[in-house]
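Chain by chain, the residues:
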Amino acid sequence: MSSGPSVDGSAQNAGLEAVERVLPVVRRVVGARVSDPHLAEDLVQETLLRIMTAWDRIEASMVEPYAIATARNVVATMWRDRDREARNRHRALDLSTPEAPEDQVVLGEEQAAICEALGRLGEQERTRLLAHEVSGQDTRSLAAEAGSSAGAVAAQLHRTRARLRVEYLLTMEPGPPPTEDCRPVLLALSGGSRRRQRDLGVGRHLLGCDFCARVAEPLLGRAEAREDELRVPVQGDADIVKARQAAREVAAKLGFAKTQTTLVATAVSEVARNIVRFAGRGEVLVETLSEPRAGVRVVARDAGPGMTNPQEALADGFSTYNGLGLGLPGARRLMDEFVLVSEPGRGTTVTMTKWLEED
Amino acid sequence: MSDTGPALVSILRQGSYLVASVHTALDDTQMLRFQHDLVERIGTDRATGVIIDVAALDVLDSFGSMTLRRIAEMARLRGAETVIVGIQPDVAFAMVRLGMGPGEVPTALDLEEGLTYLNGHRDGQPGSADRPPRRPQRRP
Amino acid sequence: MNDENRPQGDVDEDQLLPQLVAHLREHRAKLRDEWASRIREAHLLEAMSAQEMAAETTSVYDNYVEVLETGSVEALQHYARDLSERIIPRGVETHEVVGIVLLLRDVLARSLFEKYQNDFALLNRVLDAYEPAANRIANTVAVSFVEERERVIRQQQDAIRELSTPVLPVRERLLILPIIGSLDGERARQLTEQLLNGIRTHRAKVVVIDITGAPDVDQTVANHLVQTVDASRLMGASVIITGLSPKIAQTLVTIGVDLSKMNTIGDLQGGLEEAERLLGYHVSTEEGITSS
Ligand SMILES: [Zn+2]
């Protein structure tokens, strides 16, 4: 049924034809929503790029609707996209700046810090960033100069801004970061990519590294804030109660029956206690899942001593505190899925899930 | 008792029994303080029976359950029998799933049932309230 | 159709019905076919195949004639109930059943009309004998059908009620949870929830879980059952399990349940007696009186 061109040598030409065909409608959709011509052109380019990459999957009759939908999506994403927002405001840094008049001195110091931070960037990075942010040169012409694509330039600008924020924060610190992991962790936080943060184990690093915990504070909001997730720092007995109440709240909001929310809350109580007893501090993250089906996921992690033999901790009756060995194996029985990852010296992470409907 | 504060728990005397009610979720520290206060009261009041009302608790995890068991054991050593009342349906199910099923400590539906249980057992040996209590035995 | 109903002392009248029956037997094939085609024309019993129709109309026809002949109301009622039981599950409606019986009445009446049309006086007497009998058959069939239909509906409603509100308060402080049909995880969870909430609502002291009606219990569900028993006990209620099949008992043992710690009684009746006994103990300790 697909009447799009095949994916052989003619694909490139076909893609260009497609661009010509849909360009007017994409311009119209974007133009109606974005008044700034430079920004609009950026968005048109991005839309066309997406259409070209999907070209051989689109039916001929569906090209225009697809183009319209894509353009609207790109515009909508733009409004959420902090980078473009930052660019519009002609600010390279997206940190909260002091607003009170008495903070003028601090502001002066910040400018000095920005200059130093910029100095730490590579020559090319700095030139591009300044050309884009200060002179307002768009990504397309920057790409033309660099012999690259607008998308690639935009991605690089994004990384440069993320680095600039980190360098700026580091210049405010008296000393260098204590570990080799610190800078990549801070960069991941600044870039806002959850995936990268997960890959690096950012959460665990922040728990164990006071330096990063302090420096990263202004960066923590950079990942998209989600309403369907609650993060509870766990440092003492009272936090165990807070964590299980948070879990109950999230589960109830998702539509769990009371019996089920109590199972989740009880399991969270156990894993949170495990943090307090063995690691001293950590955090419990409660989030809702929609894929592959509705459920609640709880991540409890600490950067404590870890376990040499995690399997032992999951055996009933094993415990090194209080003669009570039901905590982790009990929590496992309460949830549908339960994964314990622990490394001596690095800490422990328990990830457990309860699905809204049982199998 | 004064350490725990009136808002979290209350321990009232009723005849030769103590009725201890937990009014809100307790953290582990508060739970241990409750244990300490209650066991002390059993001694000073020379109580023969203790009813612990946990109807207000929305979670009884392993620590909470073990603390209740410990209280019952300490009470027994001081000559008082303990019955736990008011475990909510969802809490009961979670306790069982967790592995904290019915143990040696008797349980009853509510305060009234708890009193009935203690009255029926004053002269007998401690046992589970959910089994038929023995017929009252007269002291020789 | 008893002797009292027939005109007394009139030999001719005595001969009328046997004559009539002989006639209907003699022309059985032709009259039955005619009736069947009238049923088709009236678009009745369309849920049945041609083969079923042939079998059913033959059977109804023969029974009809038999009832005319013997005049036995009992046989007629038995026949009507049997007919209803067979055709209600096929979705046959009341008006269809009444319709086919009335059609048969008319087909036979017309045949009698044709047979006796030359002797008008005799025809009148034949019809006088035939019509009350035929009407009675039609009425009996209709009433039986409606009754049977109601019984089936009531049965279905009971089944639905049992499924949706499984916790039955039998008497003060005693609940029965009949588990009927197969249990999956979700339904087991709902049953547990309803039972535990029911214990609190009814302030139940004893619960009888009857699993006679549960054909198959896998390990997951068996586990759930045991957890439900334990949770009930935490709430202060004793649990008696009745109707435990050897197969389910084996499953329980396999998952490590100590059957000696569960109060199991063979059948529901025995379970109820045990429940009364448990409750009776409480009466005697509470009120100082001995109950049986
Ligand atoms: Zn660090």
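Here the structure is a predicted model, which is why all the values come from computation and not from measurement.

## Notes on helix α16 (residues 327-334) of chain A
- In terms of residue burial, α16 of chain A counts as a mostly covered element, since six of its eight residues are buried.
- When we look at burial in α16 of chain A, the residues that qualify are G327, L328, P329, G330, A331 and L334 of chain A.
- Buried residues belonging to α16 of chain A abut α14 (258-278), α15 (310-313), β4 (337-343) and β5 (347-355) of chain A together with α2 (62-77) and α3 (89-98) of chain B.

## Concerning the side chain of T171 of chain A
Residues and elements named next belong to chain A.
- Mapped onto the elements, T171 comes out in helix α8 (residues 150-171).
- For T171, a relative accessible area of 17% corresponds to the buried category.
- Looking at T171, its side chain comes within polar contact range of the main-chain oxygen of Y168, at 2.6 Å.

## What about the interface of chain A and chain B?
- Residue-level contacts link 26 residues of chain A with 20 residues of chain B.
- Together chain A and chain B conceal approximately 2,000 Å² of surface at their shared face, both sides included; 54% is due to carbon and sulfur atoms.
- Our count for the contact surface shared by chain A and chain B stands at five salt bridges.
- Connecting chain A to chain B are 10 residue pairs in polar contact (both at pLDDT 80 or more).

## Structural notes on the environment of A279 of chain A
Residues and elements named next belong to chain A.
- Structurally, A279 can be placed in the loop between α14 and β2 (282-289).
- Note on A279: relative accessible area 23%, which makes it partly exposed.
- For the pair A279 and G306, spaced 27 residues apart in the sequence, the C-alpha separation amounts to 7.9 Å.
- Excluding residues within four positions of it along the chain, A279 makes contact with N274, D302, G304 and P305.

## What to know about the sheet that holds strand β2 (residues 174-178) of chain C
Residues and elements named next belong to chain C.
- The five strands are arranged β1-β2-β3-β4-β5 in an open sheet whose pairing can be described as mixed. Of all strands in the sheet, those with a lone pairing partner are β1 (168-171) and β5 (263-265), marking the two edges. When strand polarity is set aside, the average angle formed by the axes of neighbouring strands in this sheet is 30 degrees.
- As paired elements, β1 and β2 share three bridges and run antiparallel to each other.

## Here we look at the packing of aromatic side chains
- This structure, assessed with the given rule, holds zero aromatic pairs over all chains.
- The aromatic ring of F63 of chain B is capped on one face by R277 of chain A, whose charged end is 5.4 Å from the ring centroid.
- When the ring centre of F63 of chain B is taken as reference, the NZ or CZ atom of R70 of chain B above it lies at 6.0 Å.

## Examining the packing of helix α8 (residues 219-234) of chain C against helix α9 (residues 246-254) of chain C
All names here are of chain C.
- Contact geometry for α8 and α9: axes closest at 9 Å, N-to-C directions at 80 degrees. Considering their axes alone, α8 and α9 lie roughly perpendicular with respect to each other. Of the residues in α9, those in contact with Q219, A222 and V226 of α8 are T251, L252 and T254.
- Its residues placed into classes, the contact of α8 with α9 shows three nonpolar, three polar and no charged.

## Examining the confidence of the model for chain A
Residues and elements named next belong to chain A.
- For chain A, the mean per-residue pLDDT works out to 75, and 71% of the residues sit at or above 70.
- Mean pLDDT across the elements of chain A bottoms out in helix α4 (residues 82-88) (44) and peaks in α14 (94).
- Within the model, the stretch residues 320-324 combines pLDDT values under 50 with 10 contacts to residues more than four positions away or in other chains.

## A short note on the nonpolar core
- Ranked by size, the top nonpolar core spans 97 residues in total, and within it V284 and M352 of chain A, L38 of chain B together with I199 and I209 of chain C carry the most contacts.
- Considering each element in turn, this core owes the most residues, eight residues, to α14 of chain A.
- The residues contacting I199 of chain C, other than those within four sequence positions of it, are L109 of chain B together with L175, A204, V207, S232, M235 and A237 of chain C.
- Of all hydrophobic cores here, the second largest spans 45 residues; its members include L24, W35, V92 and I100 of chain C.

## Considering the pattern of salt bridges
- In this structure the tally under the stated criterion is 29 salt bridges over all chains.
- E274 of chain C is the salt-bridge partner of R277 of chain C, the closest N and O atoms lying 3.1 Å from each other. Taken together, the positions of R277 of chain C and E274 of chain C, both in helix α10 (residues 268-287) and three residues apart, correspond to about one turn of that helix.
- Its relative accessible area of 38% is what places R277 of chain C among the partly exposed residues.
- Exposure remark for E274 of chain C: the relative accessible area of 14% places this residue in the buried category.
- Where salt bridges share partners, they join D237, R244, E270, R273 and R277 of chain A together with D28 and D61 of chain B into one cluster.

What counts as what
Residues numbered from 1 in each chain as written. Chains lettered and ligands numbered in written order. Predicted model: local features only at pLDDT ≥ 70, side-chain atom pairs only at ≥ 80, totals over all residues. Heavy atoms only, no water. Buried < 20%, exposed > 50% of the residue type's maximum accessible area, 1.4 Å probe, protein only. Helix = DSSP H or I, 4+ residues; strand = E, 2+ residues; numbered from the N terminus. Contact = heavy atoms within 4.5 Å. Polar contact = N/O pair within 3.5 Å; in protein donor to acceptor, adjacent residues only side chain to side chain. Buried area = accessible area lost by both parts, 1.4 Å probe. Salt bridge = Lys/Arg side-chain N within 4 Å of Asp/Glu carboxyl O. Pairing = 2+ DSSP bridges. Axes fitted to C-alpha atoms, helices over the stretch in contact; angles between N-to-C directions. Phe/Tyr/Trp six-rings, centres within 6.5 Å; stacked < 30°, edge-to-face > 60°. Lys NZ or Arg CZ within 6 Å of the ring centre and 35° of its normal. Parallel < 35°, antiparallel > 145°, perpendicular 65-115°, else oblique. Nonpolar A, V, L, I, M, F, W, Y, C, P; charged D, E, K, R; others polar. pLDDT = per-residue confidence, 0-100. Core = buried A, V, L, I, M, F, W, Y, C linked by side-chain atoms within 4.5 Å.

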